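One letter stands for each residue in the lines below.
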Amino acid sequence: MKHIPRKRFGQNFLTDGGIIDAIVRAIAPEAGQPMVEIGPGLMALTQPLVERLGRLTVIELDRDLALRLKLRPDLDVVESDVLKVDFRALAQRLGVPRLRVVGNLPYNISSPILFHLLEQVDVIQDQHFMLQKEVIDRMVAKPATAAYGRLTVMLQWRYAMQDVLFVPPGSFNPPPKVDSAVVRMLPRAQPAELDAKLLEELVQVAFSQRRKILRNTLGRWLEGKGFEGEFDLQRRAEEVSVAEYEALAAAIKQK
Ligand code: SAM
């Protein structure tokens, strides 16, 4: 039966064979690797992936699509909202320390998915995601650029990231209104003792008024935390590197 794309599930199905090939090449799946695909949909990526892997775990929220996927003996189907999936439990069930995670994500919840995985990064081998190009630009941004912001810092402190492929709207059915791209995310070695919640708060305060210098925002907050170290507050949030934000969060924690 023909599936009618559902907007509320962010359904834009990949149809361009050349792009599908390029994404699978970027992922480079090998037989036996433990991989999880978020939002398999009509299996545009699923099929070439499972051909190479042998088995694949897929997480799909749409009941009708999950029903079709369950007919495939080579797929382990988790019918669920990915934001409720416990990836640690999934790794344990598969008997592996780390998972490879891939997907052409539903764009309406792409940031919540990225943060959900960030919390469980200890069981992640790598991630390859199709996202809005604009979101990937922010993820891989360099300091002192307009795209550099909270998302940049919160992800770059835990992942090395690379924009690996541009994907135009015409590659999907229906075509989304925006350009897309594929990002590769490799977890960095666990940085020195650092409280992720504290870093999150710090970064939120810093970027709360991104056009202003940091003295009145971050400066006040640091004062409240009793910070007495050296830090140049005559800058704007976007001029501070990820390493400096990390060092600041670590310094406060040590106090
Ligand atoms: N992988 C397919 C492709 O590339 O053609 C479909 C990609 S489509 C952009 C996003 C997929 O994620 C859809 O299959 C949709 O039903 C599914 N989805 C949407 N929200 C979800 C959620 N919260 N949890 C799991 N899957 C979800």
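Residues numbered from 1 in each chain as written. Predicted model: local features only at pLDDT ≥ 70, side-chain atom pairs only at ≥ 80, totals over all residues. Heavy atoms only, no water.

*Asks:* Before we move on, can you summarise unusual backbone geometry with the specific residues and values?
*Replies:* That bond from Asn173 to Pro174 is cis: its omega, -10 degrees, falls within 30 degrees of zero. Residue placement: Pro174 occurs in the loop between β8 (172-173) and β9 (180-187). Despite not being glycine, Ala28 has its phi angle at roughly 50 degrees, a positive value. One can find Ala28 in the loop between α1 (17-27) and β2 (35-38). One non-glycine residue, Met43, lies in the positive phi region at around 75 degrees. Within the element layout of this structure, Met43 appears in the loop between β2 and α2 (46-53). With a relative accessible area of 21%, Met43 lands in the partly exposed category. (Helix = DSSP H or I, 4+ residues; strand = E, 2+ residues; numbered from the N terminus. Buried < 20%, exposed > 50% of the residue type's maximum accessible area, 1.4 Å probe, protein only.)

*Asks:* Run through the domain arrangement of the protein, naming residues and quoting values.
*Replies:* For interface size, the figure often reported is the accessible area lost on association. Splitting the protein by domain gives domain 1 (7-187) and domain 2 (196-254). Computed from C-alpha atoms alone, the centre-to-centre distance between domain 1 and domain 2 is 32 Å. Taken together, the contacts link 11 residues of domain 1 with 14 residues of domain 2. A combined buried area of about 1100 Å² lies between domain 1 and domain 2, and 71% of that area is made up of carbon and sulfur atoms. The largest share of the area that domain 1 buries against domain 2 comes from Tyr148, Arg150 and Trp157, three residues that together contribute 48% of it. Linking domain 1 with domain 2 are 0 salt bridges, by the criterion used here. Joining domain 1 to domain 2, the criterion identifies 5 residue pairs in polar contact (both at pLDDT 80 or more). A class-by-class count of the residues in the side of domain 1 that touches domain 2 yields 7 nonpolar, 3 polar and 1 charged. (Domains from an automatic or database assignment. Contact = heavy atoms within 4.5 Å. Buried area = accessible area lost by both parts, 1.4 Å probe. Salt bridge = Lys/Arg side-chain N within 4 Å of Asp/Glu carboxyl O. Polar contact = N/O pair within 3.5 Å; in protein donor to acceptor, adjacent residues only side chain to side chain. Nonpolar A, V, L, I, M, F, W, Y, C, P; charged D, E, K, R; others polar.)

*Asks:* Which residues make up the site of the ligand, and what are the values?
*Replies:* Around the ligand, the surrounding shell holds 23 residues, and the nearest of these are Gln11, Leu14, Gly39, Glu60 and Asn104. Residue Gly41 places a main-chain N or O atom 3.3 Å away from an oxygen atom belonging to the ligand. Protein contacts shield 98% of the accessible area of the ligand, which totals 590 Å² for the unbound molecule. Where the shell around the ligand is concerned, the elements lending two or more residues are β1 (13-14) and β3 (56-60). Class assignment of the residues belonging to the shell around the ligand gives a composition of 12 nonpolar, 7 polar and 4 charged. (Near = heavy atom within 4 Å. Areas by Shrake-Rupley, 256 points an atom, 1.4 Å probe, with all protein chains shown as cover.)

*Asks:* I'd like a description of the packing of α1 against α2, backed by residues and values.
*Replies:* Put simply, α1 and α2 touch, their axes get as near as 10 Å, and they point 40 degrees apart. Looking at the two axes, α1 sits oblique to α2. For the pair α1 and α2, the crossing hand works out as right-handed. For the pair α1 and α2, contact is made by Ile20, Val24 and Ile27 and by Pro48, Leu49 and Arg52, respectively. Grouping the amino acids of the contact of α1 with α2 by side-chain chemistry returns 5 nonpolar, no polar and 1 charged. (Axes fitted to C-alpha atoms, helices over the stretch in contact; angles between N-to-C directions. Parallel < 35°, antiparallel > 145°, perpendicular 65-115°, else oblique. Left-handed = near helix turned anticlockwise from the far one by under 90°.)

*Asks:* So what's going on with the nonpolar core? Residues and values would help.
*Replies:* Counting 31 residues, the largest nonpolar core has Ile38, Phe87, Leu117, Phe129, Leu131, Met139 and Met185 as its most contacted members. With 4 residues, the single largest contributor to this core is helix α5 (residues 110-118). Excluding residues that lie within four positions of it along the chain, Leu131 makes contacts with Leu105, Tyr107, Ser110, Leu114, Ile136, Met139, Asp179, Ser180, Ala181 and Val183. Listed in part, the 27 residues of the second largest apolar core include Ala141, Phe207, Val240 and Ile252. (Core = buried A, V, L, I, M, F, W, Y, C linked by side-chain atoms within 4.5 Å.)

*Asks:* Residues and numbers for the pattern of salt bridges, please.
*Replies:* For the coordinates displayed, the defined rule picks out 16 salt bridges. A salt bridge links Arg235 to Asp232, with the shortest nitrogen-to-oxygen separation between them at 3.8 Å. Exposure remark for Asp232: the relative accessible area of 40% places this residue in the partly exposed category.

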